[in-house]
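A structural walkthrough
Residues per chain are reported as follows:
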Amino acid sequence: MGENPAKNHYAQLNQGEENEMDIFGYKTQSCRKALCIAGYILSCGALWLLFYWKPEWDVWVNCIRCSLEEADIVLLRTTDEFRIYSRETVTWISVSALIKSRSDYPATAEEDSIFSKAIMKPSFQVKTIQVQKIRYIWNIYAKQFQKVGVLEDHHTCSAIHAKFGSGLTCNEQDVRRVICGPNTIDVPVIPIWKLLIKEVLNPFYVFQLFSVCLWFAEDYMEYATAIIIMSLLSVFLTVYDLRQQSVKLHSLVESHNNVMVTVCRNKEGFQELESHHLVPGDMLVLKEGKTLLPCDAILISGQCIVNESMLTGESIPVTKTHLPQADDFKPWRTYCAEDYKKHVLFCGTEVIQTKADDRGAVKAVVLRTGFNTAKGDLVRSILYPKPMNFKLYRDALRFLMCLIAFAAIGMIYTVCVFALNGEEAGEVVKKALDVITIAVPPALPAALTTGIIYTQQRLKKKGIFCISPQRINMCGQLNLICFDKTGTLTEDGLDLWGLLPSERNCFQDIHSFPADGSLPWGPVFRAMAVCHSLIVWEGKIQGDPLDAKMFEATNWVIDDSSGHQIEGQGSTHATVVRPGPKATTAPVEGVTILHQFPFSSSLQRMSVIAQEIGGDQQVFTKGAPEIVAMLCRAETVPSNFESELLLYTAQGFRVIGLAWKSLQAGKPPTALTREEVESDLTFLGLLIMENRLKRETKPVLEELSAACIRSVMATGDNIQTAITVAKNAGMISPTHRVILVEANKEPGSVSASITWKPLGENKTEDYRSMDEGQTERRTNLTLGHDQYHFAMSGKSYQIVAQHFRDLLPKLLLNGTVFARMSPGQKSSLVEEFQKLDYFVGMCGDGANDCGALKVAHAGISLSEQEASVASPFTSRTPSIACVPELIREGRAALVTSFCMFKYMALYSTIQYLGVLLLYWQLNSFGNYQFLFQDLAITTVIGMTMSFTGAYPKLVPYRPPSQLISPPLLLSVVLNILFSLSMQIFGFVVVQEQPWYSKTDIHRACLSMKNHMENSSYSLGLHGVGDGAHEQTDNGYKSYENTTVWLLSTINCLIVALVFSKGKPFRKPIYTNYVFILVLIGQLGICLFLMFADIDDLYSKMDLVCTPTTWRISMVIMLAVALAVSFLVEEAVIENRPLWLLLKKTFRYHSKSHYKRLQHVLEQDSAWPPLNETFFSDSVAITVEGNMGGHSNPTFDSSEDSL
C-alpha cells in the first residue's frame, strides 16, 4: 500500500530545510482498530511487533486516508533516500479561558501572526502535532502545519522595533505560552526499562528469543543459557552506553533550562520571571554582568560581548550590535543579509559584558524558544542523527535473507524425511524449526559488534574518540578528505611577520617584527592599537588571535575598568587603550574606542570609531586588502597595490589592509551608519601575518596521496594564500597546474558567467593579459587528467551551484582548493562530493566546520569543545595525523567484518550440512556436540578473531565495500562445496568400511575387553534400550555421527584460519597471539577427542570408537581440505591482479559516478576550457541560502576576512 498524494491528504513539512518531511493525513476507524486488537491477541503479539517495526503498516491498517484538516493521525516520511516513516497523533490545545474574557482579541501584535491564524472560532482551539521535539500548529487560512516557537520571518527591522519594542501584554504572552509550550530544551534521562524494552524488541533479539525457547524445548540447556548470558551482556552494554549518552546530553542542556530573566511588559513595566515562561516576541532586558542566554534573541538596543564557545567551539568573545531601525520593506533577515547573526544572541551562549547606548537598557526581542533555538538544533541533531547508508549493513540483511531461504529448503527436506518415517508431528515441527536456528547464526551480530568494540578501544589508545561506532567501518572506504586550513593544516596562531606602510600612494620599506623594534607613533600605530574587538575577560586579553597578535606588537594595554566620560554623551561603557610599561613614548595618554562595527564575513572587514583622550574622533578599518582598497580614495592607494599583494599572498602570507580617516564633530558615533563611516578612507598599508604549516601536515598528506586518497582544502581564507598552502603542503604537486575558476553574476541580471584562468608560474603576471602562449598552455594541459587542479572561491562555488549545475561535478572532480567558504558552503561541498559517490571524510577544528563534520561519512574534529559533540570522531591531539590512523583502523575493521561474516556463514553452513546428512538416517548431533561447536569453537573464535590490528602501511586501494562482491561470494561458495564434499565423502566412505555396522556401534573396537559383553546389544534408532544404557546411548551414537561431527568441527577451525586475512589491511595473522593460541588449543582438544578412547568422555560426547586407520584417514581428509582451501584463497580469491585482469577482459567499469565522469573527461580534448568565458542562459536554480547541510547557526568565521 504505497502513498498516492491525493488532494489535501499530502503536504510537505519544513519545505527546503534539512529536516524536510512528507506528511499524510489519516483518520482512525473504530472497526479497523477492533479487528487489529483481535489480531494482536490471536497472534500472541506478533502482529503488534510487526506494526512496531513498521509504523506505516499500522497506520494503513488502522486508519483511512483523509485531508490533513480532518486528520487525527499523521504519517510522516523523510524525503531522503531512506524514506523512514513515523506516526504522530494530532492533539488539540484550548485557549478559550484566555480569550473569551478579552473582547479586543486579537491585539496589535497578533493581527498578522500565526497565532491568530491558528485559533479556530468559536471553540478557541488550536490543532497541533509534535515532530522530533518541535511543535507545529494548523494554519486555518494557509491549510498547512507551521512551526511555532519562532518569531515570523516577514517582520521588517522597523516593525520589530515598533511591535515588540515595548513588550507583549500579559494576555498575548499567556496565549503564546499555551500554544508554543515551555521554553526549555528538555532532554529527559530515558528510564532504563524503556531503553531495555526498545533494545529487546530489536528483530535480532526477537529471533534469539525464538531460538532460546526452541532449545529449551529440546533440552539443549547449556547453549541456550550461554546465548541468554551473551545476549543479556550485549543488551546491558548497549543500554549502559545509551544511558550514559542520555545523562551526558541531559546535563549539557539542563543548566539553562531555568534562568531568572527580566522581561518588559507592555503597559506594566518590568517583571522578573523564570526563563521557561518566555515566548517569541517577549522583550528581554539584559543586566550588567554574566548571563546565560535561555533563548535566541535579536538585540534591539545596546551592545553585547558574548562567549559562543558552547556552540562554535571557539572561545573567542564575539561582539553583537543592535538591529538597525531601517524603514525598509524587506524582511529583517533579508535586509541584514549574511550579517543578521551579528544582531542575534544565541541560546546556550554566555553574555560576558553589556554596553548600554543612549537609549537606556540593553534590550533584546525573543526570536526562538526551546528546540527551535541554535542550541536546540544542535541537541536535536544528536537526538535524531542522520541514518547511515552503508552497503555493508544493507548487504548484511540480504545475506541473512539468503540464509533464511537456505534454511527453508532444509526445513522442507526435514519435514519430508521425518514425516515419511512416521515421526510424531510435534517432533517434526521441532526438528524443522531447529534447522533455522542452525542455518542463521544467532551469534553473528554479537561477533560483529566485538570487532567494532576492539577497534574503538584501539582508537581510544591513540587519542581518537568515537561517539558513532557504526561509522568506523565507513572509515575503511574513505577516498576523499576535506581539510579546513587554519588550525588544521596550519598552526592555530598567527605570527606578525611585517608591515608594509603606504604614504602618499607609495609603499615604503617593509617594517619587520620584532627585528625592527616597535613602530613609530602615527595613524598605522593607532590603527593597530584600536582596530580590534579584544576585551579583558578574567584578567586576560581575549579575542581573535589575529587581533591579539597585532595589538601585542604595539606594547599597549587595555584599560577596561570603568565607564568613561565622553564629551556630549554622558557616561557609557567604553574601552580605553593606553601605553603599557614597555611601550615607546606616545604623545597621548590613551585612546578611547567609542563604537565598533564588528567584523562581518560578507563585508570582509571591521571598523572602529576611536578618539584620542582630549583629541578628535577618527575611523580605523581593517579587512581583506582588496575590499579595504575599494573603500579608500583612489589617490591614496599605491599603483603597484595588486602586484605587491600578490607577491605576499603567493608566498602563503595572510595579508590585511589598514585604512583610516578623521571624523568631523557632529553626530554621536552611535548615530552614524556603517556606509558613512567606511567611505573616503586613506589607505595606510598592509599588515603581513605568517601562518605556518604544522610539522605533521606534509607527511600525512603525502601518505594519503600515496594511498590514492584525495585531499581537498575548504577554507575561509584568501584564495591565493590557500593555493600556496596547498602547494607547500603537497596537496598540489609542483609539476601540476592550477586553474582559477571565477564565476560572476551582475546584480539584478538573470545570467551569470564563468571563466577559467590558468595561474602561471610567475605569479605577478597572472592578472595581466593571458592571451599569449594560450596554445602552449592548452597542449601542456592535455598531458593527463590528474595534472591540473581547480581553485575557486565560495562566491564562485555558490554561483556555479545555482547557474552551472551541469559543470559542478566536472569542477569537483579536479577541485582541490575552495577558499572563502562559509560554513554552509562547506556542508554543501561535502554533500556534492557524496553525490559523486565519493566516501568523504572531513577534518576540521569543530567550529565553523560543525555542519560539514556532521554531513561527512566520517567527521573528525580536532577540537575538544562541546560543539564537536556533533562530530562522530574527536581527536585529542590537534593534528591531522589522526586521519590516516582512522582510515587504517577503519579498513582493518571492515576486513574483520567481512572475515566474521564469511566465518559465521561457513560455520552455520557446515553445521547445517552435517545435521541434514544425519537427518537422512533420522539421526542428529548430540547436545554436547552442538555445545562444543557453538561455544568452545565458534564463540571463542568470534571473540578473538577481531584482535588482529591494522596494517601500518596504507595501500593504494580500498577493501571491498560490498558483502555481495564476486571474490567474497566465490570464496564462500567454494568453501561450502569443499565442506560438503568432505562431509559426504566421509559419510559415504565410512559405510563402506569392513568394520562398519548400522546397529552394532562397538564392533569396530572389538579388541576392547570392556565392550565384549555389549557386542550382542544392538541400539534402536531412537535410543530404546534397557535401563543400563539409557543415559549413555541416547540415539545419537553412530559411526556416521562420529565421522561427520569430527570432520565438521575441525573444518570450522580450518575455515577460521583460512579466512583470517593479514596483509594488506591487517597485520599478519601470527601477530594475533591470542587467536593463534586459541586455534592451537582447539585443534589439540579436537585431535585428543579423535584419538583418545576414554569411555566416559566418548559417552558424554556421543562419540563411538573407530579403528586408528580410519582416524588417520580423517586427518588426511582434513589436511587435503586445508591445503585446497588455503590454495584457492591465496591463488584466486586474494589474487588482485587476476581480478583486475578479469575486469579488463569483461570490460567492467566502476559504477561510481566520479569514475564514469573521469572516463568521459579523459576522452574530452576540450576540457578544461582555458581563458574562455561561458554564460548561463537558463534561470538560476534556487539554492538555499545556507547551501543545505547542518550549518552551525552562530558561527561566523573571523578567518573569512583575510
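Starting from 1, residues in each chain are numbered consecutively following that chain's sequence as written. Local features in this predicted model are restricted to residues of pLDDT 70 or higher, and side-chain atom pairs are both shown and tallied only at a pLDDT of 80 or more, whereas totals for entire chains, interfaces and linings draw on every residue. Hydrogens and water molecules were not included; the side-chain quantities draw on all heavy atoms of the structure.

- An unreviewed UniProt entry annotates the protein chain as Cation-transporting ATPase originating from Pipra filicauda.
- UniProt positions are given in the numbering used here, feature names are shortened, and annotations may be inferred rather than shown by experiment. Quoted verbatim from the Subcellular location (unreviewed entry) field of UniProt, the annotation for the protein chain is "Membrane".
- Reading the Catalytic activity (unreviewed entry) entry of the UniProt record for the protein chain gives the comment "ATP + H2O = ADP + phosphate + H(+)".

Looking at the overall build of the protein chain
- Numbering of helices and strands runs from the N terminus, with a helix taken as a DSSP run of H or I at least four residues long and a strand as a DSSP run of E at least two residues long. When helices and strands are counted, the protein chain shows 39 helices and 44 strands.
- Burial here depends on accessible area, computed with a 1.4 Å probe over protein chains only, as a share of the maximum for the residue type. Under 20% is buried, over 50% is exposed, and the range in between is partly exposed. Burial statistics for the protein chain: of 1202 residues in total, 56% are counted as buried.
- Look at the contacts in the protein chain between residues 6 or more apart in sequence, and 73% of them connect residues 24 or more apart.
- Areas reported here follow the Shrake-Rupley algorithm with a probe of radius 1.4 Å; residue values treat only the protein chains shown as occluding. Just so you have it, the protein chain exposes about 50800 Å², and 59% of that area is on carbon and sulfur atoms. A contact between two residues is defined here by any heavy atoms of the two lying within 4.5 Å.

Here's the deal with the packing of helix 26 (residues 794-803) against helix 28 (residues 823-835)
- Orientation of helix 26 relative to helix 28, taken along the N-to-C sense of each, is 50°, at an axis distance of 11 Å. Judged on the interaxial angle alone, helix 28 and helix 26 are oblique. Crossing geometry of helix 26 relative to helix 28 is assigned as left-handed. Across from Gly-794, Lys-795, Tyr-797 and Gln-798 in helix 26, the residues of helix 28 making contact are Gln-825, Ser-828, Leu-829 and Glu-832. For helices, the fitted axis covers only the stretch in contact; all axes are lines through C-alpha atoms, and the angles between them, taken along N-to-C directions, range from 0 to 180 degrees. Small angles under 35 degrees read as roughly parallel and large ones over 145 as roughly antiparallel, with 65 to 115 read as roughly perpendicular and the rest as oblique. It is the rotation of the near helix from the far one that decides the hand of a crossing: anticlockwise by less than a right angle makes it left-handed, clockwise makes it right-handed.

Side note on the environment of Glu-20
- Note on placement: Glu-20 falls in the loop between strand 1 (10-13) and strand 2 (21-28).
- Along the sequence, Glu-20 and Thr-79 sit 59 residues apart, while their C-alpha atoms lie 6.3 Å from each other.
- Each residue touching Glu-20, except ones within four places of it in the same chain, is listed here: Gln-12, Leu-13, Asn-14, Gln-15, Thr-78 and Thr-79.
- A polar contact of 3.2 Å, which involves the side chain of Glu-20, links it to the side chain of Thr-79. Definition of a polar contact: a pair of N or O atoms within 3.5 Å, with one able to donate and the other able to accept a hydrogen when the atoms are protein atoms, and with sequence-neighbouring residues admitted only if both atoms are side-chain atoms.

Concerning the confidence of the model for the protein chain
- Residues with a pLDDT of 70 or more make up 87% of the protein chain, whose mean pLDDT is 81.
- You can read pLDDT as the predictor saying how much it trusts each residue, on a scale of 0 to 100. Taken together, the stretch residues 563-571 has pLDDT below 50 and engages in 18 contacts with residues farther than four places along the chain or on a different chain.
- Low pLDDT, under 50, characterises residues 1007-1032; the predicted model gives this stretch 32 contacts beyond four residues in sequence or across chains.

Here's the deal with the pattern of salt bridges
- Here, a salt bridge means any Lys or Arg side-chain nitrogen found within 4 Å of an Asp or Glu carboxyl oxygen. Counted according to the given criterion, the structure contains 32 salt bridges.
- With its nearest N and O atoms 3.1 Å apart, the salt bridge here joins Arg-87 to Asp-58. Of this pair, Arg-87 sits in strand 5 (residues 85-89) while Asp-58 sits in helix 3 (residues 55-62), placing them 29 residues apart in sequence.
- On the basis of relative accessibility, which here comes to 12%, the residue Asp-58 falls in the buried class.
- With its nearest N and O atoms 3.0 Å apart, the salt bridge here joins Arg-674 to Glu-678. Accessibility classification places Arg-674 together with Glu-678 in one group, the buried group.

What about the pairing of strand 41 (residues 840-844)?
- Burial runs high along strand 41: five of the five residues are buried.
- Alternating positions in strand 41 separate into two faces, Val-840, Met-842 and Gly-844 on one and Gly-841 and Cys-843 on the other, with burial throughout.
- Strand pairing is assigned whenever DSSP detects at least two bridges linking the two strands. Both strand 21 (residues 480-483) and strand 41 contribute to a ladder of four bridges, which runs parallel. Within the sheet, the bridge partner assigned to Phe-483 lies in strand 41 and is Cys-843.
- Two strands pair when backbone bridges link them, and strand 41 and strand 42 (residues 858-861) are joined in this way by four bridges, in the parallel orientation. Bridging from a neighbouring strand, Gly-841 pairs with Ala-858 of strand 42.

What about a nonpolar patch on the surface?
- Exposure above 30% relative accessible area and the lack of any salt bridge qualify a residue for a patch; like charges then connect within 9 Å, and the nonpolar side chains Val, Leu, Ile, Met, Phe, Trp and Tyr within 5 Å. There is a patch of nonpolar side chains on the surface, built from Leu-1083, Leu-1087, Phe-1091, Ile-1112, Val-1115, Ile-1116, Val-1120 and Val-1124 and spanning about 600 Å² of accessible area.
- Of all the secondary structure elements, the ones that give two or more residues to the nonpolar patch are helix 35 (1073-1091) and helix 37 (1108-1133).
- With five residues, helix 37 is the largest single contributor of residues to the nonpolar patch.
- Note that Ile-1116 resides in helix 37.

Details of the packing of helix 10 (residues 221-254) against helix 13 (residues 374-383)
- In the contact formed by helix 10 and helix 13, the axes pass within 12 Å of each other and the chain directions differ by 175°. It follows that helix 10 is roughly antiparallel to helix 13 by the angle criterion. Where helix 10 abuts helix 13, its residues Leu-249, Leu-252 and Val-253 lie against Lys-375, Val-379, Ile-382 and Leu-383.
- Under the convention adopted here, Pro, Cys and the residues Ala, Val, Leu, Ile, Met, Phe, Trp and Tyr are nonpolar, Asp, Glu, Lys and Arg are charged, and Gly plus all remaining residues are polar. Class assignment for the residues of the contact of helix 10 with helix 13 results in six nonpolar, no polar and one charged.

Remarks on the sheet that holds strand 12 (residues 283-286)
- Taking strand neighbours across the sheet as the criterion, the six strands line up as 11-10-12-19-14-17 in an open arrangement whose pairing is antiparallel. The open sheet has two free edges, formed respectively by strand 11 (269-274) and strand 17 (344-345), since each of these has just one partner strand.
- Each of strand 12, strand 14 (296-301) and strand 19 (362-368) is contacted by helix 6 (residues 157-164), which is oriented at about 90° to strand 14, the strand it contacts most.

Concerning unusual backbone geometry
- The linkage connecting Lys-1063 with the following residue, Pro-1064, adopts the cis geometry, with an omega of 5°.
- Position of Pro-1064 relative to the elements: it lies in the loop between helix 34 (1039-1059) and helix 35.
- One non-glycine residue, Cys-44, lies in the positive phi region at around 55°.
- Tracing the backbone through its elements, the reader meets Cys-44 in the loop between helix 1 (30-42) and helix 2 (46-53).
- Judged by its relative accessible area of 73%, Cys-44 falls in the exposed class.
- Positive phi values are uncommon outside glycine, yet Asp-1093 reaches one of about 80°.
- Secondary-structure assignment places Asp-1093 in the loop between helix 35 and helix 36 (1095-1100).

Some thoughts on the pairing of strand 31 (residues 591-600)
- With ten of ten residues buried, strand 31 lies mostly within the body of the structure.
- Direction of pairing for strand 30 (residues 575-579) relative to strand 31: antiparallel, over a ladder of three bridges. Among the inter-strand pairings, Val-576 is bridged to a residue of strand 31, identified as Thr-592.
- By the bridge criterion, seven bridges tie strand 31 to strand 32 (residues 605-612) in an arrangement that is antiparallel.

Describing the nonpolar core
- In this structure, Tyr-223, Tyr-903, Ile-937, Ile-941, Met-945 and Trp-1045 are the most contacted members of the largest nonpolar core, which totals 92 residues.
- The element that contributes the greatest number of residues to this core is helix 30 (residues 882-919), accounting for 19 residues.
- Residue ranges assigned to the domains are those given by an automatic or database domain assignment. Here this core spans two domains, and each of domain 2 (192-255) and domain 6 (888-1005 + 1036-1134) adds at least three residues to it.
- Setting aside residues no more than four positions away along its own chain, Tyr-223 makes contact with Trp-215, Tyr-907, Leu-931, Asp-934 and Leu-935.
- Cys-466, Leu-704, Ile-719 and Leu-886 belong to the second-largest nonpolar core, a separate cluster that totals 43 residues. Definition used in this section: a nonpolar core is a set of buried Ala, Val, Leu, Ile, Met, Phe, Trp, Tyr and Cys residues joined via side-chain atoms within 4.5 Å.

Regarding the sheet that holds strand 40 (residues 815-819)
- Sheet architecture is open: eleven strands sit in the order 20-43-42-41-21-36-40-39-37-38-44, paired in mixed fashion. In the strand order of this sheet, the two ends are held by strand 20 (464-466) and strand 44 (1173-1175), each with one partner. Going across the sheet, the axis of each strand differs from the next one's by a mean of 20°, ignoring polarity.
- The pairing of strand 36 (residues 710-714) with strand 40 spans two bridges and is classified as parallel. Each bridged residue has a counterpart across the sheet, and for Met-713 the counterpart in strand 40 is Val-817.
- Of the strands in this sheet, strand 36, strand 37 (737-745), strand 38 (752-759), strand 39 (788-793) and strand 40 are in contact with helix 24 (residues 719-729), which crosses strand 40 at around 140°.

A few points about the packing of aromatic side chains
- Only centres within 6.5 Å qualify two rings of Phe, Tyr or Trp (six-membered ring in Trp) as a pair; their planes then separate them into stacked at under 30 degrees, edge-to-face at over 60, and tilted for everything else. For the structure shown, the criterion picks out 34 aromatic pairs.
- Relative to Tyr-912, the ring of Phe-406 lies with its centre 4.8 Å away and its plane at 40°, an arrangement referred to as tilted. Note that Phe-406 is positioned in helix 14 (residues 391-420) and Tyr-912 in helix 30, a separation of 506 residues in sequence.
- Since its relative accessible area comes to 28%, Phe-406 is described here as partly exposed.
- Between Phe-833 and Tyr-838, the ring centres sit 5.8 Å apart and the planes meet at 85°, which makes this aromatic pair edge-to-face.

A closer look at helix 21 (residues 641-649)
- Here helix 21 has its buried residues at Phe-641, Glu-644, Leu-645, Leu-646, Tyr-648 and Thr-649.
- Of the surrounding secondary structure, the elements contacted by the buried residues of helix 21 are strand 22 (495-503), strand 23 (506-507), helix 20 (625-631), strand 34 (654-662), strand 35 (682-690) and helix 24.

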